[in-house]
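Tertiary structure, described
Each chain, written out:
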Amino acid sequence: MEYYVVKGGSPLSGEVEIAGAKNAALAIVAAAIMADEPVTIENVPDVSDIRALVGAISDIGGEVAHPERHTYVINGANIKDEPVDNEAVRKIRGSYYLIGALLGKYRKAEVALPGGCNIGLRPIDQHIKGFRALGANVSVVPPGHVRAEASCLVGSHIYMDVVSVGATINIIMAAIMAKGNTIIENAAKEPHVVDLANFLNSMGAKIRGAGTDVIRIRGIEKLHGTNYSIIPDQIEAGTFMYAAACTRGDVTITNVIPKHLECLTAKLTEIGCEVTESDDSVRVVATRRLEHTNVKTLPYPGFPTDMQPQISVLLGLSRGTSIVTESIFENRFKYTDELAKMGGNVRVEGNTAIIDGVENYTGAKITAPDLRAGAALVAAALAARGYSEIYDIHYIERGYEDFPEKLRSLGAFIAKVSNKDEERRAINGFNMRIVG
Ligand code: EPZ
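So, how was this worked out
Residues numbered from 1 in each chain as written. Predicted model: local features only at pLDDT ≥ 70, side-chain atom pairs only at ≥ 80, totals over all residues. Heavy atoms only, no water. Helix = DSSP H or I, 4+ residues; strand = E, 2+ residues; numbered from the N terminus. Rg over C-alpha atoms; globule rule 2.2 N^0.38 Å. Buried < 20%, exposed > 50% of the residue type's maximum accessible area, 1.4 Å probe, protein only. Contact = heavy atoms within 4.5 Å. Areas by Shrake-Rupley, 256 points an atom, 1.4 Å probe, with all protein chains shown as cover. Lys, Arg positive; Asp, Glu negative; His and termini not counted. Charge placed at Lys NZ, Arg CZ, Asp CG, Glu CD. Polar contact = N/O pair within 3.5 Å; in protein donor to acceptor, adjacent residues only side chain to side chain. Phe/Tyr/Trp six-rings, centres within 6.5 Å; stacked < 30°, edge-to-face > 60°. Core = buried A, V, L, I, M, F, W, Y, C linked by side-chain atoms within 4.5 Å. Near = heavy atom within 4 Å. Nonpolar A, V, L, I, M, F, W, Y, C, P; charged D, E, K, R; others polar. Salt bridge = Lys/Arg side-chain N within 4 Å of Asp/Glu carboxyl O.

Looking only at helices and strands, the chain features 15 helices and 23 strands. Scaling as 2.2 N^0.38, a compact globule of 436 residues should have a C-alpha radius of gyration of about 22 Å, and the chain matches this with 22 Å. Judged by the C-alpha coordinates and their principal axes, the chain covers about 65 × 45 × 40 Å. Scored against the burial criterion, the 436 residues of the chain give a buried share of 58%. In the chain, 73% of the contacts between residues at least 6 apart in sequence involve partners at least 24 apart. Carbon and sulfur atoms make up 48% of the accessible area of the chain, which totals about 16700 Å². Side-chain charges in the chain split into 45 positive and 52 negative, and the spacing between the mean points of these groups amounts to 3 Å.

For the rest of this paragraph, the subject is the side chain of Gln308. The residue Gln308 is located in helix H10 (residues 308-315) in this model. Note on Gln308: relative accessible area 0%, which makes it buried. Among the polar contacts listed, one links the side chain of Gln308 to the side chain of Glu326, at a separation of 3.1 Å. With residues up to four places along the chain from it excluded, the contact list for Gln308 reads Thr297, Phe303, Val324, Glu326, Arg332, Phe333 and Tyr335.

This next bit is on the packing of aromatic side chains. By the definition in use, this model includes eight aromatic pairs. Seen from their ring centres, Phe333 and Tyr335 are 6.4 Å apart, and the 50° between their planes marks the pair as tilted. Residue classification places Phe333 among the buried positions, given a relative accessible area of 8%. According to the relative accessible area criterion, Tyr335 is buried, its value standing at 1%. One aromatic cluster is present, built from ring pairs that chain together Phe240, Tyr400 and Phe403.

This brings us to the nonpolar core. Nonpolar side chains tend to gather and get buried jointly when the protein is soluble and globular. Of all hydrophobic cores here, the largest spans 80 residues; its most connected members are Ile41, Leu98, Ile172, Ile176, Phe199, Leu200 and Leu223. Not counting chain neighbours up to four residues away, the residues in contact with Leu200 comprise Ala31, Ile172, Met173, Ile176, Ala205, Ile207 and Leu223. Core analysis: the next-biggest nonpolar cluster, separate from the first, contains 71 residues, Phe333, Ala375, Ile396 and Ile414 among them.

What follows covers the site of the ligand. By nearness alone, 25 residues border the ligand, and Tyr96, Gln126, Ser164, Asp306 and Ile328 come closest of all. In the environment of the ligand, an oxygen atom lies 3.3 Å from a nitrogen or oxygen atom belonging to the backbone of Pro123. One of the backbone N or O atoms of Gly166 is found 2.9 Å from an oxygen atom in the ligand. Relative to its unbound accessible surface of 830 Å², the ligand loses 90% to contact with the protein. Secondary structure elements with two or more residues in the shell around the ligand: helix H1 (22-31), helix H5 (125-133), helix H6 (165-175) and helix H12 (371-383). Partitioning the shell around the ligand into residue classes produces twelve nonpolar, six polar and seven charged.

Okay, the pattern of salt bridges next. The full count for this structure, using the stated rule, is 26 salt bridges. Taking the shortest distance from any N to any O, the salt bridge between Arg69 and Glu401 comes out at 3.7 Å. Of this pair, Arg69 sits in the loop between strand S4 (63-68) and strand S5 (71-75) while Glu401 sits in the loop between helix H13 (394-397) and helix H14 (403-409); the two residues are 332 residues apart in sequence, bridging distant segments of the chain. Two residues, Asp250 and Arg283, come together in a salt bridge whose shortest N-O distance is 2.7 Å. Remark: Arg283 occurs in strand S16 (residues 281-285) and Asp250 occurs in strand S14 (residues 250-254); sequence separation between them is 33 residues. The class for Asp250 is partly exposed, based on a relative accessible area of 27%.

Okay, structure coming up:
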């Protein structure tokens with residue numbers, strides 16, 4: 001079993017480049033099968049969730065070429081009429097985008113119920129409501145598959161009861177080749193919804209309003225091939241920004257869209273960090289202990305739930321009492337027990353964490369409960385005094401490309417090891433680097 005060993009206490013410093021957005025890539029890679037021509041997608045992050053989705057596409061007859069690490073060429077001309085199901089697919093959330101893609105293209109989809117991080121109930125009722133509004137019959141059939149089929153999909157006016165990224169994207173995909181017009185109200189506005197719409201428009205779809213809460217779609221006959229590059233990952237960028245602040249470092253994060261990071265930047269500035277933006281980078285400098293604040297997670301452009309653990313870890317080191325309210329997922333505070341092992345002082349009451357800042361964390365043996373919380377705990381370990389071991393790092397690898405390598409390039413003492421011998425060698429290496 002692989003785990004990270006970390007020696008904390010050194011400020012991160014230098015420059016780090018951000019990969020393509022995982023959550024945009026999951027939607028775009030799935031949507032690529034909707035054309036019967038090659039679709040080239042660039043800037044795809046090399047993370048395990050994407051590899052699982054690409055594997056599922058190959059399994060059902062999609063032709064997949066992988067000419068470079070971050071480029072895929074996908075041709076959906078020969079997709080077979082069979083259920084999407086394998087062990088990897090059942091573990092990821094993004095597999096549900098194959099329901100919208102297959103239903104939209106073939107009027108028929110059968111996909112294993114989605115997995116993903118255990119951060120709450122994560123129902124898919126809004127996806128189903130949208131598919132039904134377009135005329136599909138949707139049912140759950142053994143062995144735990146969602147089956148959606150329609151003799152004909154017809155555009156509709158759909159009002160979403162909750163703002164859902166996944167449902168908005170899935171309904172867009174199901175509607176682009178429906179007869180007539182579709183309007184989605186109360187749509188999600190996240191950058192990856194816009195990226196997916198831009199991608200589909202580059203294949204001939206007619207989608208307007210992505211990025212606002214009303215999306216209008218004019219149904220078209222078929223999509224053609226394209227060449228598209230995915231936007232940078234807002235959450236990976238935010239994770240490095242907050243890790244820099246946790247370690248009182250000085251880090252320039254490149255290949256970002258600063259507009260997507262505005263609410264993250266605003267919170268850092270509010271608590272005393274210096275953040276400088278340029279066209280496609282942000283520099284975060286934290287030279288002293290930061291101040292407390294309150295945060296509530298909200299759909300975009302609010303503070304993202306995917307950055308909630310990272311800001312909580314940072315506020316755990318700040319002066320005074322902070323209150324963090326999680327309003328999207330009900331089970332996203334599991335990491336606070338791990339943080340307590342490192343000396344963090346966090347009390348969770350319902351969907352609120354009350355954080356009393358401590359001067360320092362201390363290294364400990366901790367377990368990543370999910371993807372973002374895992375990355376946040378690594379930031380805590382980098383800031384902590386002493387050594388930490390972080391287990392269940394497969395969660396982190398679902399969504400962060402080369403995480404330890406990128407941190408090492410910023411001067412961090414972190415290594416991926418699989419036994420005590422390797423751990424000892426890694427620690428010797430850390431200490432030699434310090435002496436050298
Ligand atoms: C996406 O999940 C992301 N996953 C999540 O990222 C992210 O946390 C989330 O959006 C919110 O930004 C992917 O893109 C693969 P939602 P998704 O539908 O689409 C409720 C990460 O760490 N809801 O926007 O599953 C739901 O329970 C992951 O990268 C319904 O009630 O999230 C939640 O309270 C974790 N019914 C809220 O809506 C539905 O049918 C928002 O969920 C759908 C959602």
